[in-house]
Amino acid sequence: MNYRKTRLETLEEFIIKRQNRFPGATGEFSQLLRDIGLAAKIIAREVSKAGFNHILGSYGQENVHGESIQKLDKFADAQLISALNRSDITAMVISEENDEAVQMGNPSGKYIVYLDPLDGSSNIDINVSIGSIFSIYMRQSGESELPDVREALQRGTRQVAAGYVLYGSSTTLVYTTGLGVSMFTLDPSIGEFILAEETIEMPDLGHIYSVNEGYYNAWPPGLKQYVKYCQEEVPDDGRPYSARYIGAMVADVHRTLMKGGIFMYPRSEKYPRGKLRLMYECNPLSLVIEQAGGKATDGKRRILDIEPESLHQRTPIFIGSKQNVDRVCSHLQD
Ligand code: P6P
């Protein structure tokens, strides 16, 4: 009898296999990815019990944006920072939950990590998908002193890795190191992320548009024209558009990655620079989408080319399949 190889591949095995492609690799970067994977498992466990382990609700404080911090946000933040501190390779962490950069006390640490520990936390209490987002940069300064916050202000093109964990009907980890986008699904029965898709590629045109239509009156005219186009026109393949909006960027962008289409969060009177944060929401998700063949722009500039001015700055974003993004931009230019 021929034994058919059906062995599953774990995240750890995949990371090591990829590391072996780089002879000079020290294993530190692989360790950083494994640490994030560990934190994700711990967070997934708490998210799955959020209904009865008194971890719902507000933490009683507000984050740097004046938004109420949910208890699970703080838990996720603490778990991710603690996991990144298991080894001395991360020098500094910038998180949505902390106004200031967190110095990890590792002057020799090579990496700077941005985190949105729990994106979409308003969905926690209604059991709708939420996610953790990470973005990893190399330090610019020497390794003798603690990093200066200014060296964290790097363009998105300089990310060495980016990805997210989606806590949904299953727990999914998606990341890229610039060699394509890979996806893993957590098997809670063995506590391992198992490779689900080694290389994800997006369709050039998708049939789902995703935007909060409650803000219609505040939209720029070009966006109104584009959404009207989606509602009235049928693309050449005869398939009409659908509208989907989950209210958690990770979930809306993950659907866009897997099915194609476009997610949009424009500027408005309430958010004159857009609502979503450049460094720990838009840059990491834009790197993933571009690596899968899509595009991400603020309506004029490629998101990854934006020169950051501050750690928590916001930006408008139009992200998804190439043809969908190009079309909305043509309307916005008009
Ligand atoms: P709105 C969640 O609070 C978040 O930051 C993103 O995850 C999400 O896409 C967006 O805000 C939703 O914002 O204004 O549509 O509720």
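Residues numbered from 1 in each chain as written. Predicted model: local features only at pLDDT ≥ 70, side-chain atom pairs only at ≥ 80, totals over all residues. Heavy atoms only, no water.

K.L.:
So what exactly am I meant to see when it comes to the packing of aromatic side chains here?
P.N.:
Think of a pair of aromatic rings as described by two things: how far the centres are apart, and how the planes are tilted against each other in angle. Counting across every chain of the model gives 11 aromatic pairs. Measuring from ring centre to ring centre gives 6.3 Å for Tyr-265 and Tyr-271, while their planes differ by 70°; the resulting arrangement is edge-to-face. Judged by its relative accessible area of 13%, Tyr-271 falls in the buried class. Ring-pair connections join several aromatic residues into one group, and the members of that group are Phe-14, Tyr-175 and Phe-184. Lys-224 extends its terminal NZ or CZ atom over the ring of Tyr-216, reaching a point 5.0 Å from the ring centre. The ring of Tyr-229 has Arg-327 sitting right over it, with the charged end atom 4.0 Å from the ring centre. (Phe/Tyr/Trp six-rings, centres within 6.5 Å; stacked < 30°, edge-to-face > 60°. Buried < 20%, exposed > 50% of the residue type's maximum accessible area, 1.4 Å probe, protein only. Lys NZ or Arg CZ within 6 Å of the ring centre and 35° of its normal.)

K.L.:
What is the right way to read the site of the ligand from this model?
P.N.:
Looking at the ligand, there are 14 residues lining it, with Asp-119, Tyr-215, Tyr-245, Met-249 and Tyr-265 nearest. Asp-119 places a polar side-chain atom, nitrogen or oxygen, 2.8 Å from an oxygen atom of the ligand. Taking Tyr-215, its side chain carries an N or O atom lying 2.6 Å from an oxygen atom of the ligand. In the complex, 84% of the free accessible area of the ligand, which totals 400 Å², lies under the protein chains. Along the lines of polarity and charge, the residues of the shell around the ligand split into 7 nonpolar, 3 polar and 4 charged. (Near = heavy atom within 4 Å. Polar contact = N/O pair within 3.5 Å; in protein donor to acceptor, adjacent residues only side chain to side chain. Areas by Shrake-Rupley, 256 points an atom, 1.4 Å probe, with all protein chains shown as cover. Nonpolar A, V, L, I, M, F, W, Y, C, P; charged D, E, K, R; others polar.)

K.L.:
Explain the pattern of salt bridges to me, please; I cannot follow it from the model alone.
P.N.:
For side chains bearing opposite charge, pairing can occur when the charged atoms are close. Evaluation of the coordinates by the stated rule reveals 18 salt bridges. Taking the shortest distance from any N to any O, the salt bridge between Glu-9 and Lys-17 comes out at 3.2 Å. Between Glu-290 and Arg-302 there is a salt bridge; the shortest N-O distance is 2.7 Å. Here Glu-290, found in helix α6 (residues 278-291), pairs with Arg-302, found in the loop between β14 (295-297) and β15 (317-320); they are 12 residues apart in sequence, far enough to count as distant. For Glu-290, a relative accessible area of 23% corresponds to the partly exposed category. The partly exposed category is assigned to Arg-302, whose relative accessible area is 34%. One salt-bridge network, in which partners are shared between bridges, spans Glu-96, Arg-277 and Glu-281. (Salt bridge = Lys/Arg side-chain N within 4 Å of Asp/Glu carboxyl O. Helix = DSSP H or I, 4+ residues; strand = E, 2+ residues; numbered from the N terminus.)

K.L.:
Explain empty space enclosed by the protein to me, please; I cannot follow it from the model alone.
P.N.:
Empty space among the atoms can be located by rolling a probe the size of a water molecule over them. Going through the model one piece at a time under the given rule, you end up with 1 cavity of 30 Å³ or more. As a volume, the largest cavity reaches approximately 50 Å³. What lines the largest cavity is Val-211, Asn-212, Tyr-215, Trp-219, Tyr-265, Pro-266, Arg-267 and Ser-268. Split into classes, the residues belonging to the lining of the largest cavity amount to 5 nonpolar, 2 polar and 1 charged. (1 Å grid on protein atoms, 1.4 Å probe; cavity = no way out; pocket = protein on both sides within 12 Å on 5 of 7 lines; lining within 4 Å. Points joined across faces, edges and corners; volume = space filled by probe spheres on them.)

K.L.:
Help me out: how do you make sense of the nonpolar core in this one?
P.N.:
In a soluble, globular protein the nonpolar side chains are often hidden away together inside. Counting residues in hydrophobic clusters, the biggest one holds 39 residues, and the most contacted among them are Tyr-114, Tyr-164, Leu-257 and Ile-317. Inspection of this core shows a minimum of three residues originating in each of domain 1 (11-197) and domain 2 (208-333). Leu-257 has contacts with Tyr-164, Val-174, Val-181, Ile-200, Met-202, Val-288, Ile-289 and Ala-292, leaving out every residue within four places of it along the chain. In this structure, Val-47, Ala-76, Phe-134 and Ile-136 belong to the second largest nonpolar core, which totals 37 residues. (Core = buried A, V, L, I, M, F, W, Y, C linked by side-chain atoms within 4.5 Å. Domains from an automatic or database assignment. Contact = heavy atoms within 4.5 Å.)

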